[in-house]
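Chain and residue survey
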Amino acid sequence: MATILLIHGPNLNRLGKRDAAQYGTKTLADIEALVAAEAQRIGHTVKAFQSNHEGALIDFLQAEATDAAGIIANLGAFTHYSYALHDALVDTDLPCVEVHLSDINSREDWRKISVTAPACIAMIAGKKEAGYVEAVATLQAHLTK
Ligand code: DQA
């Protein structure tokens with residue numbers, strides 16, 4: 001049984017109240033439960049964490065990576081400019097799948113850039129919560145521990 005880290009960045013604690021056309025209607029708790037159920041179905045557990053603070057996300061990755069096998073990350077707006085989170089993901093040496101609820105490629109130009117995606121094995125965007133189900137399956141194929 002492997003542990004999958006599920007991390008969410010800024011403003012994602014507001015899911016359910018944010019723009020439903022972009023982000024859907026599910027709350028963060030709904031999404032965490034969905035990922036936990038999907039992971040459990042294939043024999044894995046999930047450790048979930050959300051923060052509005054870049055350093056707290058980095059601290060979580062540094063503290064938890066050793067005992068984990070993979071990462072699913074929606075880093076919110078940090079996606080577009082946090083080289084520190086890029087480096088923290090690389091440093092974990094774990095496979096990571098980046099997820100975005102909205103289609104970042106069809107929105108503002110600044111949203112089309114992900115500086116964290118190069119640290120990930122895949123990026124899934126624009127599928128709302130279904131993207132997380134796909135992320136579990138994608139990650140599963142890359143788990144080595
Ligand atoms: C998001 C897309 C980001 O551009 C935005 O800042 C978010 C959510 C998404 O899930 O679509 O907060 O990561």
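Residues numbered from 1 in each chain as written. Predicted model: local features only at pLDDT ≥ 70, side-chain atom pairs only at ≥ 80, totals over all residues. Heavy atoms only, no water.

Another point: the packing of aromatic side chains. Any two aromatic rings considered together are summarised by their centre-to-centre distance and by the angle between their planes. Counting across every chain of the model gives two aromatic pairs. An angle of 5° between the planes, with centres 4.6 Å apart, marks the rings of Phe-49 and Phe-60 as stacked. Of this pair, Phe-49 sits in strand E2 (residues 45-50) while Phe-60 sits in helix H3 (residues 54-64), placing them eleven residues apart in sequence. On the basis of relative accessibility, which here comes to 24%, the residue Phe-49 falls in the partly exposed class. (Phe/Tyr/Trp six-rings, centres within 6.5 Å; stacked < 30°, edge-to-face > 60°. Helix = DSSP H or I, 4+ residues; strand = E, 2+ residues; numbered from the N terminus. Buried < 20%, exposed > 50% of the residue type's maximum accessible area, 1.4 Å probe, protein only.)

This paragraph deals with the UniProt feature "site: Transition state stabilizer" (unreviewed entry) in the protein chain. Following the UniProt record, one finds the feature "site: Transition state stabilizer" (unreviewed entry) at Arg-18. Its location among the elements puts Arg-18 in the loop between strand E1 (3-8) and helix H1 (20-23). Apart from the residues within four sequence positions on either side, Arg-18 is in contact with Pro-10, Asn-11, Leu-12 and Tyr-23. (UniProt positions renumbered as here; feature names shortened; annotations may be inferred. Contact = heavy atoms within 4.5 Å.)

Along the chain, Thr-79 falls in the loop between strand E3 (70-74) and helix H4 (83-92). Beyond its immediate sequence surroundings of up to four residues, Thr-79 is in contact with Glu-98, His-100, Ile-113, Ser-114, Val-115 and Thr-116.

For the structure on display, the rule yields six salt bridges. Between Glu-38 and Arg-41 there is a salt bridge whose closest N-O contact spans 2.7 Å. Linking Glu-38 with Arg-41, this pair stays in helix H2 (residues 28-41), spanning three residues, or about one helical turn. A relative accessible area of 17% places Glu-38 in the buried class. Note on Arg-41: relative accessible area 61%, which makes it exposed. We note a salt bridge from Glu-108 to Arg-111, for which the minimum N-O separation is 2.7 Å. Overall, the relative accessible area of 35% leaves Glu-108 in the partly exposed class. (Salt bridge = Lys/Arg side-chain N within 4 Å of Asp/Glu carboxyl O.)

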